[in-house]
Amino acid sequence: MNTYDETNPYDGTTERTFAAFPPAQGRGFARTWWGQAWLKALEDTALDTGQVKTGRALARAGAVGAVSVRPGRITAVVQDRDRTPHRADVLLEQLPGEQWDRFLEMAVERAGHIAALLDREMPPHLVEDAAAAGVDLLPGLGDLEPECDCGAWDHCGHTAALCYQVARLLDQDPFVLLLMRGRSERAVLDDLQARTAAPAPVEGPARQDGAEGVDAAEAFVAGDILPPLPALPELPEEPGIPPSLDTGTPAPPDVDPAALEFLAARTAAEAHRLLIEASCEQGATEEELTIGQDAVRLALGDPGGAVAERLATGSGRDAQELETAVRAWRHGGVAALSVLEEEHTVEGEELARARAVLDVAWDEDERPALSARGCRWTVADTRSQLRLGRDGRWWPYREERGRWVPAGAPANDPATALASAEEAATD
């Protein structure tokens, strides 16, 4: 993502300019949930869905030039199909200072929020916590206000194309959204650093007898002089390595040392994962896994030989089925495993929603021929397939050696999911 920053000498804010993206034929827009929320704000606001489709086609054709992002406004020159240039702007209201204060105070209270932003991610709980504090980061219905020199009073193909291109920028860097809301990345990080700086130590009252320390009764009455708790120990980068069971002593007949060592290593890895979630305050209560699901989770550790065979047998799968299940799990855990192994009937309101999403996912001349069977849509004359999960997400699948296997992470947009399946075929 080529970009350069310029500082406005009048108010100190930063303007970021991003180079034009190349054409994206066949590629879905907005792979992240926050990028999809941005496009939903456009699609819900625009009165003419035809203009939205035109904008999507222009963006895919590479008709959007360099995109300028600054507080409250994004700008680009968009070329019509006849190559006539138009300046397109989309306005988004900036957050007032008091809302920025609430957002930043909320962020410093949860270490996971800061870590996510630094990783160029915007997890749902960050947006939900911000909304609970009265701060709407993502745009909603009517928040994206268009301006275009073509004279349109509503969203036209040019402003819609700009919004689709910005969705790709947001996928790569959510700080683009914060800049539109009024603060540059540097300003946000500097403010967060200032708010997380350690406070100056508070000195307690001196003992009358000259001895070191504080009298217990005085400390109990003046509780505010107590020193802060020590910092948590640093989280190790990798899970610990369990001790070797190769002691030279023969194992009892009912104990498999290789299986025991594998289980100990997986337990250490799971403990390390839970520590990471706890340190980021992201822990969540999970439903208990079935035996078959737990076998797949354990197989993530790439066991070999007899251990892998026992896991496959215990889960009711053969070796190849276990390998495919592990691939699914890597893309989405229990939900992905359910999509792989369960087939449900799509009917009624669920079917109507699915057809509506499929109808708008592609332009009419680009829409692939799909044949449906249950929750699975197979692309004619290809080895690609879309599967609709019970949560409404679309999962990409590819045919390999006569078997359908997961090809990527799920997406709310079927075009994005299908693009993942097609990309997997070229890897």
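Structural data are supplied above this passage.
Quick summary incoming for the structure in this document. As the structure is a prediction and not an experimental result, all values here were calculated from the model. (Residues numbered from 1 in each chain as written. Predicted model: local features only at pLDDT ≥ 70, side-chain atom pairs only at ≥ 80, totals over all residues. Heavy atoms only, no water.)

### Looking at unusual backbone geometry
Leaving glycine out, the prevailing phi sign among residues is negative, and the prevailing peptide bond configuration is trans. Stated formally: Here a helix means four or more residues in a row that DSSP labels H or I, a strand means two or more in a row labelled E, and each is numbered from the N terminus. Each residue's exposure class comes from its accessible area (1.4 Å probe, protein chains only) as a fraction of the maximum for that residue type: buried when under 20%, exposed when over 50%, partly exposed otherwise.
The residue Asp381 is not glycine, and still its phi comes out positive at about 60°. As for its placement among the helices and strands, Asp381 is situated in the loop between strand S8 (376-379) and strand S9 (384-388). Residue Asp381 is classed as exposed on the basis of its relative accessible area, which comes to 86%. Although it is not a glycine, Arg401 adopts a positive phi angle of roughly 50°. The residue Arg401 is located in the loop between strand S10 (394-400) and strand S11 (403-406) in this model. Among the residues examined, Arg401 registers a relative accessible area of 70% and is labelled exposed.

### Quick word on the packing of aromatic side chains
Here the distance between the centres and the angle between the planes together describe a pair of aromatic rings. Quick reminder of the rule: Working definition: a ring pair exists when centres of Phe, Tyr or Trp rings (six-membered ring for Trp) sit within 6.5 Å. Plane angles under 30 degrees give stacked, over 60 give edge-to-face, the rest tilted. Here, a charge over a ring is recorded when the distance from Lys NZ or Arg CZ to the ring centre is within 6 Å and its angle to the ring normal is within 35 degrees.
Counted according to the given criterion, the structure contains three aromatic pairs. Both rings, one in Trp33 and one in Trp34, keep their centres 6.4 Å apart while their planes meet at 85°; by these two values the pair is edge-to-face. What makes Trp33 partly exposed here is its relative accessible area of 30%. Lying over the aromatic face of Phe21, Arg168 brings its terminal NZ or CZ to 4.2 Å of the ring centre. We note Arg387 situated over the ring of Tyr397; from NZ or CZ to the ring centre the distance is 4.0 Å.

### Things to note about the pairing of strand S2 (residues 14-18)
Definition in use: Any two strands between which DSSP finds at least two bridges are classified as paired.
Of all five residues making up S2, four are buried, and the element is well covered by its neighbours. Bridge analysis of S2 against strand S3 (residues 67-70) gives three bridges, and the strand direction is antiparallel. Across the sheet, the residue bridging to Thr17 is Ser68, located in S3.

### Concerning the environment of Leu170
Stated precisely, the cut-off is as follows: Here a residue-residue contact requires only that any non-hydrogen atoms of the pair lie within 4.5 Å.
Among the secondary structure elements, Leu170 is positioned in helix H6 (residues 157-172). Leu170 gets classed as buried once you look at its relative accessible area, which sits at 1%. Separated by 137 residues in the primary sequence, Leu170 and Trp33 place their C-alpha atoms 10.0 Å from one another. If near-sequence neighbours (up to four positions away) are discounted, Leu170 is found in contact with Trp34, Trp38, Val176, Leu177 and Met180.

### Quick notes on the packing of helix H2 (residues 49-60) against H6
Heads up, the rule is: To get an axis, fit a line to the C-alpha atoms, keeping to the stretch in contact for a helix; angles then go from 0 to 180 degrees between the N-to-C directions. The labels follow the angle: roughly parallel below 35 degrees, roughly antiparallel above 145, roughly perpendicular from 65 to 115, and oblique for the rest. Here is the rule for handedness: rotate from the far helix to the near one, and if that takes an anticlockwise turn smaller than a right angle the crossing is left-handed, while a clockwise turn gives right-handed. Polar here means any residue other than Ala, Val, Leu, Ile, Met, Phe, Trp, Tyr, Cys and Pro, which are nonpolar, and Asp, Glu, Lys and Arg, which are charged; Gly is therefore polar.
Where H2 contacts H6, the two axes come as close as 7 Å, and the packing angle between them is 55°. One finds that H2 runs oblique with respect to H6. The chirality of how H2 crosses H6 is right-handed. Taking contact as the criterion, the partners of Gln51, Val52, Thr54, Gly55, Arg56, Leu58 and Ala59 in H2 are, on H6, Gly157, His158, Ala160, Ala161, Tyr164 and Gln165. Considered class by class, the residues forming the contact of H2 with H6 number six nonpolar, six polar and one charged.

### Overview of the sheet that holds S9
Read from one edge to the other, the open sheet built from five strands follows the order S7-S8-S9-S10-S11, with strand pairing classed as antiparallel. The open sheet is flanked by strand S7 (370-373) and S11, the only strands paired with a single partner. Each strand axis lies, on average, 30° off the axis of its neighbour in the sheet, ignoring direction. Of the pairings in the sheet, the one linking S9 to S10 comprises five bridges and is antiparallel in character. Directly across from Leu388, in S10, lies its bridge partner Trp394. Sheet contacts for helix H13 (residues 319-341): S8, S9, S10 and S11; angle to S11, the most-contacted strand, approximately 50°.

### Focus: the pattern of salt bridges
A pair can form between side chains of opposite charge whenever their charged atoms are brought close. To be explicit about the condition: Definition used for salt bridges: Asp or Glu carboxyl oxygen within 4 Å of a side-chain nitrogen of Lys or Arg.
Enumeration over the complete set of coordinates arrives at 16 salt bridges. Arg60 is the salt-bridge partner of Glu366, the closest N and O atoms lying 2.7 Å from each other. In this pair, Glu366 sits in the loop between helix H14 (348-361) and S7 while Arg60 sits in helix H2, placing the two residues 306 residues apart along the sequence. By relative accessible area, which is 27% here, Glu366 ends up partly exposed. Given a relative accessible area of 2%, Arg60 falls into the buried group. Asp191 serves as the salt-bridge partner of Arg183, at 3.9 Å between the closest nitrogen and oxygen. Relative accessible area serves as the criterion here: at 23%, Arg183 is assigned to the partly exposed category.

### Description of the nonpolar core
What counts here: In these notes, a set of buried Ala, Val, Leu, Ile, Met, Phe, Trp, Tyr and Cys residues joined through side-chain atoms within 4.5 Å is what counts as a nonpolar core.
One finds Trp38, Phe103 and Met180 to be the most contacted residues of the largest nonpolar core, which totals 57 residues. Aside from chain neighbours lying at most four places away, what touches Met180 is Trp38, Val69, Arg70, Pro71, Gly72, Ile74, Leu92, Gln94, Val166 and Leu170. In terms of nonpolar packing, the next biggest core, distinct from the first, is built from 21 residues, Ala259, Leu298, Ala328 and Trp329 among them.

### Considerations on the side chain of His344
To be explicit about the condition: What qualifies as a polar contact is a pair of N or O atoms within 3.5 Å, subject to a donor-acceptor requirement within protein and to the restriction that residues adjacent in sequence count only when both atoms come from side chains.
For His344, the position within the fold is in the loop between H13 and H14. For His344, a relative accessible area of 10% puts it in the buried group. One polar contact links His344 to Glu350, side chain to side chain, over a distance of 3.3 Å. Sequence-distant contacts of His344, defined by excluding residues within four places in its chain, comprise Glu350, Gly374, Cys375, Leu388, Gly389 and Arg390.

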